[in-house]
Amino acid sequence: MKILFMGTPDFAVPSLRALLEAGHTICGAFTQPDKPKNRGMKLQASPVKEYALSENIPVFQPVKLRDGTALACIRELDPELIVVAAYGRILPEDILAYPRYGCINVHSSLLPKYRGAAPINWAILNGEKETGVTIMHMAPELDAGDIIAQRATPIGPNETAPELFDRLAQMGGELLAETVAQIQAGTAPRRTQDAAQATYAPMLSRELSPLDWSRPAQALHDQVRGLLPWPAAVAEFGGIRCKVLSTDVLEDTTDSAPGTVVEAGKAGILMACGGGSLLRVRELQPDGKKRMAAADFLRGHPLSPG
C-alpha cells in the first residue's frame, strides 16, 4: 500500500520501521520543523526525519497545515492511506478526507481513556496498572475516532515513563503492521468510542513537579515515575532543591509526621509520607548538578532523622 507517514518523536520511529518492513511504499514523511536545542541552539532534526532520510524517504516539514500547501503536497504524493504517530499537529478535515483508506493514528493508551498529548505519563501518574496502544480512524475531534485495534499491557510497579514509552512504541509498530494488513484486505473491524468513558491526558507542566509529603508514598512514587524525563518531581532536602529521580515504596509504616526524614544513609533518604507510609529516595539531582545516588548527596549535605 502507498502510505504517507506523519510523526515526530522517537515513539513514532518503530511504527515507520514496521511499515517499511511489511513492504509498504512510504511516499513521504511529514514531521515537525527542526527546532533549536541545547545551549548552542543548533537546529535539531526530529527522530522521524533522521530515520526517514536514512531510508531515502522524502521528508516534508510544513509549518502550517491549513493554508492549502500541505494538501497540495499530499495530492501530489497521492497516498492511499495516511498513518499518524505522535505527529504533534491536528489534521484539518480536507487532509483527513483525502486518502482512499482514510487516516489512522497510533495512540499510546487504551482509548477512550487518556486522549491527548501525554497519555503514557498520566497513566503512571494516576497509578494505572494497565495501559496499551490503540489504532484508530482519525476524526476532527482529538483522539475520538473509531477504534480499529487495541493491545493492552501491564504497567510494572517501578516502570518509568521512558521505559513504558519504549515498550509502547514497539507494541504500536507491531499492531500497526497487523492493522494495515487488515485494512488492505478489507477485514479491519471498526467500533465507535464511548465518549462517556473518555478521560484526558493534557500536556505536562512544572506545576506538577513539587512532591507533597502529605500524600501517600505510592502516589509520590507514581509521580516520580510519571514525570520522567521532564519536568521531573522536585523536593527540598536540607534547603537544597532537587529533582527526585528514583524512589521505592516501603511496606513498613511510621509515626513520624509527613515530610520528616526517618533515615538517611547508604540506602538513601527515607521520608515519612501521608498515612504513615514511607518512601525511600534513591537517586536525585540537585539544581545545577549531575544525577547522583542519594547516598552521595548525603556525603556533602548530611541530613538528621527527625
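Being a predicted model, the structure only gives us computed values, none of them experimental. (Residues numbered from 1 in each chain as written. Predicted model: local features only at pLDDT ≥ 70, side-chain atom pairs only at ≥ 80, totals over all residues. Heavy atoms only, no water.)

Engineer: Describe in detail the packing of helix α1 (residues 13-21) against helix α2 (residues 47-54), supporting the description with residues and values.
Structural biologist: At a minimum axis separation of 9 Å, α1 and α2 run at an interaxial angle of 25 degrees. When the interaxial angle is binned, α1 and α2 end up roughly parallel. Both α1 and α2 take part in a crossing whose hand is right-handed. Facing α1, whose interface residues are V13, L16, R17 and L20, α2 presents P47, V48, Y51 and A52. (Axes fitted to C-alpha atoms, helices over the stretch in contact; angles between N-to-C directions. Helix = DSSP H or I, 4+ residues; strand = E, 2+ residues; numbered from the N terminus. Parallel < 35°, antiparallel > 145°, perpendicular 65-115°, else oblique. Left-handed = near helix turned anticlockwise from the far one by under 90°. Contact = heavy atoms within 4.5 Å.)

Engineer: I'd like to hear about the environment of F165, residue by residue, with values.
Structural biologist: Looking at the secondary structure, you find F165 in helix α6 (residues 161-185). On the basis of relative accessible area, F165 is assigned to the partly exposed category, the value being 27%. As a C-alpha pair, F165 and I120 span 45 residues in sequence and 6.6 Å in three-dimensional space. Discounting chain neighbours no more than four positions away, the residues touching F165 are D10, F11 and I120. (Buried < 20%, exposed > 50% of the residue type's maximum accessible area, 1.4 Å probe, protein only.)

Engineer: Pulling in residues and values, what's your account of the packing of aromatic side chains?
Structural biologist: As enumerated under the stated definition, the model contains 3 aromatic pairs in all. Considering the side-chain rings of F11 and F165, the 5.6 Å spacing of their centres and the 70 degrees angle between planes classify their relative orientation as edge-to-face. Placement of F11 in the loop between β1 (2-7) and α1 and of F165 in helix α6 is noted, with a sequence separation of 154 residues between them. Note on F11: relative accessible area 3%, which makes it buried. The lysine or arginine in question, R17, covers the ring of Y51, its NZ or CZ lying 5.1 Å from the ring centre. (Phe/Tyr/Trp six-rings, centres within 6.5 Å; stacked < 30°, edge-to-face > 60°. Lys NZ or Arg CZ within 6 Å of the ring centre and 35° of its normal.)

Engineer: Hey, could you go over the side chain of T8 for me, with residue numbers and the actual values?
Structural biologist: Within the secondary structure layout, T8 lies in the loop between β1 and α1. What makes T8 buried here is its relative accessible area of 15%. A polar side-chain atom of T8 sits 3.3 Å from the main-chain amide nitrogen of Q32. If sequence neighbours within four positions are ignored, T8 has contacts with T31, Q32, S46, P47, V48, A85, A86 and Y87. (Polar contact = N/O pair within 3.5 Å; in protein donor to acceptor, adjacent residues only side chain to side chain.)

Engineer: Summarise the pattern of salt bridges; cite the residues concerned and give the values.
Structural biologist: Taken as a whole and assessed by the stated rule, the structure comprises 13 salt bridges. The partner of R225 in a salt bridge is D222, and the shortest N-O contact between them spans 2.7 Å. Taken together, the positions of R225 and D222, both in helix α7 (residues 217-226) and 3 residues apart, correspond to about one turn of that helix. Like R225, the residue D222 is buried in the burial classification. A salt bridge links E263 to R280, with the nearest nitrogen and oxygen atoms 3.7 Å apart. In this pair, E263 is assigned in strand β12 (residues 261-265) and R280 in strand β14 (residues 278-286), connecting sequence segments 17 residues apart. (Salt bridge = Lys/Arg side-chain N within 4 Å of Asp/Glu carboxyl O.)

Engineer: Which residues make up α6, and what values go with them?
Structural biologist: For α6, which comprises 25 residues, the first-to-last C-alpha distance of 35 Å matches the rise-based estimate of 36 Å (1.5 Å per residue) to within 8%. Of the positions making up α6, those classed as buried are A161, L164, L168, A169, M171, G172, G173, L175, L176, T179, V180 and I183. (Expected span 1.5 Å × (residues − 1).)

Engineer: Quick rundown of α1? Include the residues and the values.
Structural biologist: Among the residues of α1, those classed as buried are V13, P14, S15, L16, A18 and L19. At its buried positions, α1 is contacted by β1, β2 (25-30), α2, β6 (81-85), β7 (103-107) and α6. Of the residues one or two after α1, G23 is the one with positive phi, at around 90 degrees.

Engineer: Describe a negative patch on the surface, and please don't skip the residues or the numbers.
Structural biologist: Residues D10, E50, E163 and D166 make up a contiguous surface patch of negative charge. Residue placement: E163 occurs in helix α6. Among the residues examined, E163 registers a relative accessible area of 42% and is labelled partly exposed. (Patch = residues over 30% accessible without salt bridge, like charges linked within 9 Å, V, L, I, M, F, W, Y side chains within 5 Å. Areas by Shrake-Rupley, 256 points an atom, 1.4 Å probe, with all protein chains shown as cover. Lys, Arg positive; Asp, Glu negative; His and termini not counted. Charge placed at Lys NZ, Arg CZ, Asp CG, Glu CD.)

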